[in-house]
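An overview of the molecular structure
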Amino acid sequence: MTRPLVVVANRLPVSRATDPADGRLTWQASAGGLVTALRPVVDEVGGAWIGYDDDAAGVPDRVDGLNVDLHAVGLSRAQVRGYYHGFSNRTVWPLFHDLVADPVVDRRWWHTYQDVNRAFAEVTAGALERARQSEDHDEQPLVWIQDYHLMLVPEMLRNMASTADTPVGFFLHIPFPPPELVARLPWRDQLLQGMLAADAVGFHTVRYRDNFVRAVQQLFPGVTTLGDSIALPDGRHVRCVAHPISIDADAFAELATSAATEAELADLREQFAGRRVLLGVDRLDYTKGIRHRLQAIELLLEREPDLRGKVAFVQIAVPSRDDVKEYRDLRTEVETEVGRINGRFTEPGHDVPVHYFYRGVSREQLAAYYRLADVMCVTPLKDGMNLVAKEFVTCQAAGDEAGALLLSEFAGAILEFGEQAVRCNPFDVEGLSYLLASALELPETERRRRIQAMAEAVRERDVYRWVADELAAIERGHGGI
Ligand code: ADQ
């Protein structure tokens, strides 16, 4: 690709840090997956990144080591409440995750969502203008909009004279639900129209893509499909594609065998000596199935007294969206459950069965836990993809470990891991408790073979492939090919 790349995402890829040399506050590129994935592209072609920051005025134009111009969108607290905590996370998030929680419908949030999407579109138009004027590029930039916070931005850009001809792509990182669920949203037409203004709309899986295409067909008369394109009544074609996101597999493999990870792992092996380890790593989100998982652990310990003292369950839960009531309630419920299990099954003088962390951990610690785990429990009730599963198999394979992956049928990742994972239905708590036991009992050679096969699948379709496939689809969609 030779066009400069303009990324539009809820957050900017930078964070504040203290300079170790003089203790001053500085800005640095953050270590998020999207930034890592796009780094090789923007190193080559340059570009811009548009995103929100709560200190918009303080964000520098650029940071060291990241070849993009930063454009911060400043939002008031009320806008963040309505657009982010409200419409994005209390309306769209639960609805698009198959109603695992009740969506809240609030007209004020919807209006704020529209206003904020417009603010993003305007800042993007300004960034495009600057990129066009720059002498470094002869080609028009390509705009790539990320996720459910910004579903109206493609159409807003299409309707501005200065940006009408720009190649625009949109990628949805969460599931796209069946049309019957989308239909519940009073503003479903506007949201779909917003996305349809892109040249290409990307999803993790064929099922989400097909759900989107069916919703468009049901809601807009006169729409036809041709291969992976939707033909709109006005003659435009929109390419709808399925590209599963992934991780930087080589970087994770390297991290898993680094000296720092090995040192962490040695400590953990000592701490958990004589016990098999079950592991959960998630943002603390009700879609991730953490409560069902804990209940399955409790049933397992209740049913099989021999396992008590011989297995430990480690749950690493990253704090998430704690401005939203449902997330605060979930934290209370999870912590109550952990307390109950430990209260029931801890023996005097012995360690607790459930180790619970409400915090993020370092990359090295995370990799060490992935290597330590005998069974990795990825049991979301619904999940667009789930990168934890991909990180786990990559770290295990790099360290020649032989753990098992217990994977929900409702995570996008199940499509790539097929029969190599232990498939589960997380809604069936009792069934989950039996599957935990059978995952522990799989023969070691079988577990090792499966881990290697899953890691190979991740290596073949890593995050760089995802970026390349997405950008190529946007180009083809724009060129009408
Ligand atoms: P998430 O719902 O955040 O992402 P996931 O894909 O699993 O879910 O990514 C979580 C990331 O956070 C992983 O890279 C993981 O390493 C990291 N992480 C989790 N716990 C951590 C901890 N305690 N400490 C440090 N890091 C931790 C959304 C969608 C997913 C989709 C992604 C990408 O919900 O379905 O896979 O976007 O599109």
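Just so you know, the residues in each chain are numbered from 1, in the order the chain's sequence is written. Only residues with pLDDT of 70 or above have their local features reported here, since the model is predicted, and side-chain atom pairs are shown and tallied only from 80 upward, although totals for entire chains, interfaces and linings are computed over all residues. Hydrogens and water molecules were not included; the side-chain quantities draw on all heavy atoms of the structure.

Quick look at the domain arrangement of the protein chain
Size of an interface: often given as the accessible area lost when the parts come together. Stated precisely, the cut-off is as follows: As used throughout, domain bounds are those supplied by an automatic or database domain assignment. The contact definition used throughout considers only heavy atoms, calling two residues in contact when any of these lie within 4.5 Å. Buried area: the accessible area, evaluated with a 1.4 Å probe, that two parts lose upon being put together, summed over both parts. Salt bridges are counted wherever a side-chain nitrogen of Lys or Arg sits within 4 Å of a carboxyl oxygen of Asp or Glu. Whenever a nitrogen or oxygen atom comes within 3.5 Å of another N or O atom, the pair is scored as a polar contact, on the condition that within protein one atom can donate a hydrogen and the other can accept it, and that pairs from neighbouring residues in sequence are kept only if both atoms are in side chains. A run of DSSP states H or I qualifies as a helix once it reaches four residues; a run of E qualifies as a strand once it reaches two. Both are numbered from the N-terminal end.
With domains assigned, the protein chain is organised as domain 1 (5-246 + 464-478) and domain 2 (249-460). Averaged C-alpha coordinates put domain 1 and domain 2 at centres separated by 31 Å. Between domain 1 and domain 2, the residue contacts involve 22 residues of the former and 22 residues of the latter. Regarding the contact of domain 1 and domain 2, the summed buried area is about 1,800 Å², with carbon and sulfur atoms giving 62% of it. Across the domain 1-domain 2 interface, the total number found is two salt bridges. For Arg90, the salt bridge goes to Glu326, with nearest N and O atoms at 3.1 Å. For the interface between domain 1 and domain 2, the tally reads ten residue pairs in polar contact (both at pLDDT 80 or more). When residues in the side of domain 1 that touches domain 2 are grouped by element, the largest group, six residues, is from helix 2 (residues 77-96).

Concerning the packing of aromatic side chains
Rules: Any two of the Phe, Tyr and Trp rings considered here, Trp counted by its six-membered ring, make a pair once their centres fall within 6.5 Å; the pair's planes then place it as stacked at under 30 degrees, edge-to-face at over 60, or tilted in between. Summary of the burial criterion: residues with accessible area below 20% of their type's maximum are buried, those above 50% are exposed, and those between are partly exposed, where the area comes from a 1.4 Å probe applied to protein chains only.
Scanning the entire structure with this criterion turns up 18 aromatic pairs. Both rings, one in Trp110 and one in Trp187, keep their centres 5.2 Å apart while their planes meet at 10 degrees; by these two values the pair is stacked. Pair noted here: Trp110 is in helix 3 (residues 107-133) and Trp187 is in the loop between helix 5 (179-182) and helix 6 (188-196), with a separation of 77 residues, a long-range link. Trp187 shares its class with Trp110; the two are buried.

A closer look at the pattern of salt bridges
Enumeration over the complete set of coordinates arrives at 40 salt bridges. Taking the shortest distance from any N to any O, the salt bridge between Glu298 and Arg340 comes out at 2.5 Å. With Glu298 in helix 10 (residues 290-303) and Arg340 in helix 11 (residues 325-345), this pair connects stretches of sequence that are 42 residues apart. When its relative accessible area of 7% is taken as the criterion, Glu298 is described as buried. Its relative accessible area of 41% is what places Arg340 among the partly exposed residues. A salt bridge links Arg340 to Glu337; the nearest nitrogen and oxygen atoms lie 3.2 Å apart. With Arg340 and Glu337 both in helix 11 and three residues apart, this pair spans about one turn of that helix. Among the residues examined, Glu337 registers a relative accessible area of 8% and is labelled buried.

Considerations on the sheet that holds strand 13 (residues 311-318)
Let me state the cut-off plainly: Strand pairing follows a simple DSSP-based rule, namely that at least 2 bridges must link the two strands. Here an axis means a line fitted to C-alpha atoms, over the contact stretch when the element is a helix, while the angle between two N-to-C directions is reported on a 0 to 180 degree scale.
Reading across the sheet, the six strands line up as 14-13-12-15-16-17 and stay open at both edges, with parallel pairing between neighbours. Here the strands that pair on one side only, and so sit at the sheet edges, are strand 14 (354-358) and strand 17 (422-424). Going from strand to strand, the sheet's axes swing by 20 degrees on average, the running direction of each strand aside. In this sheet, strand 16 (residues 404-408) lies alongside strand 15 (residues 375-378) in parallel orientation, the contact comprising four bridges. From the neighbouring strand, Cys377 faces strand 16, where its bridge partner is Leu406.

Concerning the nonpolar core
The criterion, for reference: Throughout this description, the term nonpolar core refers to a set of buried Ala, Val, Leu, Ile, Met, Phe, Trp, Tyr and Cys residues connected via side-chain atoms within 4.5 Å.
Ranked by size, the top nonpolar core spans 96 residues in total, and within it Phe120, Phe176 and Phe212 carry the most contacts. Ranked by residue count, the leading element in this core is helix 3, at nine residues. Both domains that meet at this core, namely domain 1 (5-246 + 464-478) and domain 2 (249-460), each give it at least three residues. Apart from residues no more than four positions distant in its own chain, Phe212 is found in contact with Phe176, Leu192, Met195, Leu196, Val201, Phe203, Ile230 and Cys240. One finds Trp49, Val314, Tyr369 and Ala411 within the second-largest nonpolar core, a separate group that totals 74 residues.

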